[in-house]
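As a plain string of letters, each chain reads:
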Amino acid sequence: MKLMSILSGQGFVMYNKQLAKSVSVNAAIIFGQLCASYESFNSKGMITVKDAKEYFFLTSDTLEEETALTYKQQLKAVKDLEKAGYIETKIMGVPSKKYFFITDKIVQELFNEVNSSSEKREDLESTSNREAVVQKVTPSYDQKENLGMPKGHSKVVQKGSSIKKKNKKEKDKNKEDKIDNYQEPIINSHNPQVFKALLLEATEDFYTQFAIGRWEKNAWNKLMERFVDETIQSGRYEKIPVGKIKGYAYVSIKNMADHSDYKKSEEFKEYKEVMEQLASNDTSTHLPFHVSNFLEGDDNELPY
């Protein structure tokens, strides 16, 4: 029985374990909900830009409904997140509301974690290759004897000094080959066309992991094209080094998949039905624009 498949979308809030350890569990829960809300508001064009920062607002009632954390618990968690540098808050609007801005700190930490794992693997492979080269070019004592004494003869064909010179040449050649193999072309990822090609290539590595059961191949290709174009048009690509493109693709696509799963869940279906019923009730007040807009179809959204 696949419990995660059965339980996904049934009122679960994702949170980062490292963030829970470094800050607090409640802070990680609040941060996970803030990320989900940002994706939703951003996909609907409901982000407020202030001082080149993307803000969105959430009430304490909404946070309590989504996370089950009380008002006091929320205050403490938000304060801890601000102090740690993961979010910023600002009071804006009339009537005044608390707006949230998610910094790049969590993304940088995820990128660094991906790069660290990749570098460790490369170091292990490099060490294994060097050991293999040494074993290959350094003959054993028996092999030296076979080189020096041909079958059926007692006369030495090669002297020890000749063998050593030959082995040294082979070692030098192998070292040169290894140096050449590790030299990679320098790529300027700040060129939009180059970056687009690299990011599209990176997205294909995650097709099997995320697309199957969610998007058809054609829909996946269109979604990835829009994701890459939006990354370039927004200027975010200028802050992403070549070595971190794959990590950026993974984090973004995972967020898209999680958002897609939530929109197909029974929880969202029930919420949508309640909101639509309230909207059609003549005796009720009109729903705020952001609520009615949130209930519209979202086939073209990019929730990352």
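The text that follows walks through the structure, step by step, so that each part is easy to find. These numbers come from a predicted model, not from an experiment.

Concerning the nonpolar core
Phase 1 of the analysis: One finds Ile30, Phe31, Leu34, Phe56, Leu81, Ile87 and Phe100 to be the most contacted residues of the largest nonpolar core, which totals 24 residues.
Phase 2 of the analysis: Those residues within four positions of Leu34 in sequence are excluded, and the remaining contacts are Phe56, Leu58, Ile87, Phe100 and Ile102.
Phase 3 of the analysis: Among the nonpolar cores identified, the runner-up in size contains 22 residues, and Phe206, Trp220, Ile240 and Ala257 belong to it.

Digging into the packing of aromatic side chains
Phase 1 of the analysis: Applying the stated criterion across every chain yields a total of 14 aromatic pairs.
Phase 2 of the analysis: Ring centres of Phe56 and Phe100 lie 6.2 Å apart, and the angle between their planes is 35°; on these two criteria the pair is classed as tilted. Note that Phe56 is positioned in strand E2 (residues 53–57) and Phe100 in strand E4 (residues 97–102), a separation of 44 residues in sequence. When sorted by exposure, Phe56 lands in the same class as Phe100, which is buried.
Phase 3 of the analysis: Put simply, the rings of Tyr38, Phe41, Phe56, Phe57, Tyr99 and Phe100 touch in pairs and so form one group of aromatic residues.
Phase 4 of the analysis: In this structure, Lys97 packs its charged tip against the face of Phe57, placed 5.3 Å from the ring centre.
Phase 5 of the analysis: Above the plane of the ring of Tyr86 lies Lys105, whose end atom (NZ or CZ) is 4.7 Å from the centre.

Things to note about the environment of Ile232
Phase 1 of the analysis: Inspection of the secondary structure puts Ile232 in helix H11 (residues 217–233).
Phase 2 of the analysis: Judged by its relative accessible area of 17%, Ile232 falls in the buried class.
Phase 3 of the analysis: Along the backbone, Ile232 and Phe195 are 37 residues apart, and their C-alpha atoms lie at a distance of 8.2 Å.

Focus on the pairing of E4
Phase 1 of the analysis: Pairing of E2 with E4, which is carried by two bridges, proceeds in the antiparallel orientation. Note on E4: the bridge partner recorded for Phe57 is Tyr99.
Phase 2 of the analysis: Of the pairings in the sheet, the one linking strand E3 (residues 87–92) to E4 comprises six bridges and is antiparallel in character. Among the inter-strand pairings, Lys90 is bridged to a residue of E4, identified as Tyr99.
Phase 3 of the analysis: Once E3 ends, the chain turns through four residues before running back antiparallel as E4, passing Gly93 with a positive phi of about 85°.

Comments concerning the side chain of Ser24
Phase 1 of the analysis: By the element assignment, Ser24 lies in the loop between helix H2 (17–22) and helix H3 (25–43).
Phase 2 of the analysis: From its side chain, Ser24 meets the backbone nitrogen of Ala27 in a polar contact 3.0 Å long.
Phase 3 of the analysis: Residues contacting Ser24, with those up to four places away along its chain left out, are Leu19 and Asp80.

Some remarks on the pattern of salt bridges
Phase 1 of the analysis: Tallied over the full model, the rule gives nine salt bridges.
Phase 2 of the analysis: For Glu225, the salt bridge is made with Lys196, and the minimal N-O distance between the two is 3.8 Å. Of the two residues, Glu225 sits in helix H11 while Lys196 sits in helix H9 (residues 192–204), which places them 29 residues apart along the sequence.
Phase 3 of the analysis: Glu225 gets classed as partly exposed once you look at its relative accessible area, which sits at 34%.
Phase 4 of the analysis: Put simply, Lys246 and Asp205 hold a salt bridge, and the shortest N to O gap is 3.5 Å. Note that Lys246 is positioned in helix H12 (residues 245–263) and Asp205 in the loop between H9 and helix H10 (207–211), a separation of 41 residues in sequence.
Phase 5 of the analysis: What you see here is one network of salt bridges that share partners, running through Lys196, Glu225 and Asp229.

What counts as what
- Residues numbered from 1 in each chain as written.
- Predicted model: local features only at pLDDT ≥ 70, side-chain atom pairs only at ≥ 80, totals over all residues.
- Heavy atoms only, no water.
- Core = buried A, V, L, I, M, F, W, Y, C linked by side-chain atoms within 4.5 Å.
- Buried < 20%, exposed > 50% of the residue type's maximum accessible area, 1.4 Å probe, protein only.
- Contact = heavy atoms within 4.5 Å.
- Phe/Tyr/Trp six-rings, centres within 6.5 Å; stacked < 30°, edge-to-face > 60°.
- Helix = DSSP H or I, 4+ residues; strand = E, 2+ residues; numbered from the N terminus.
- Lys NZ or Arg CZ within 6 Å of the ring centre and 35° of its normal.
- Pairing = 2+ DSSP bridges.
- Polar contact = N/O pair within 3.5 Å; in protein donor to acceptor, adjacent residues only side chain to side chain.
- Salt bridge = Lys/Arg side-chain N within 4 Å of Asp/Glu carboxyl O.

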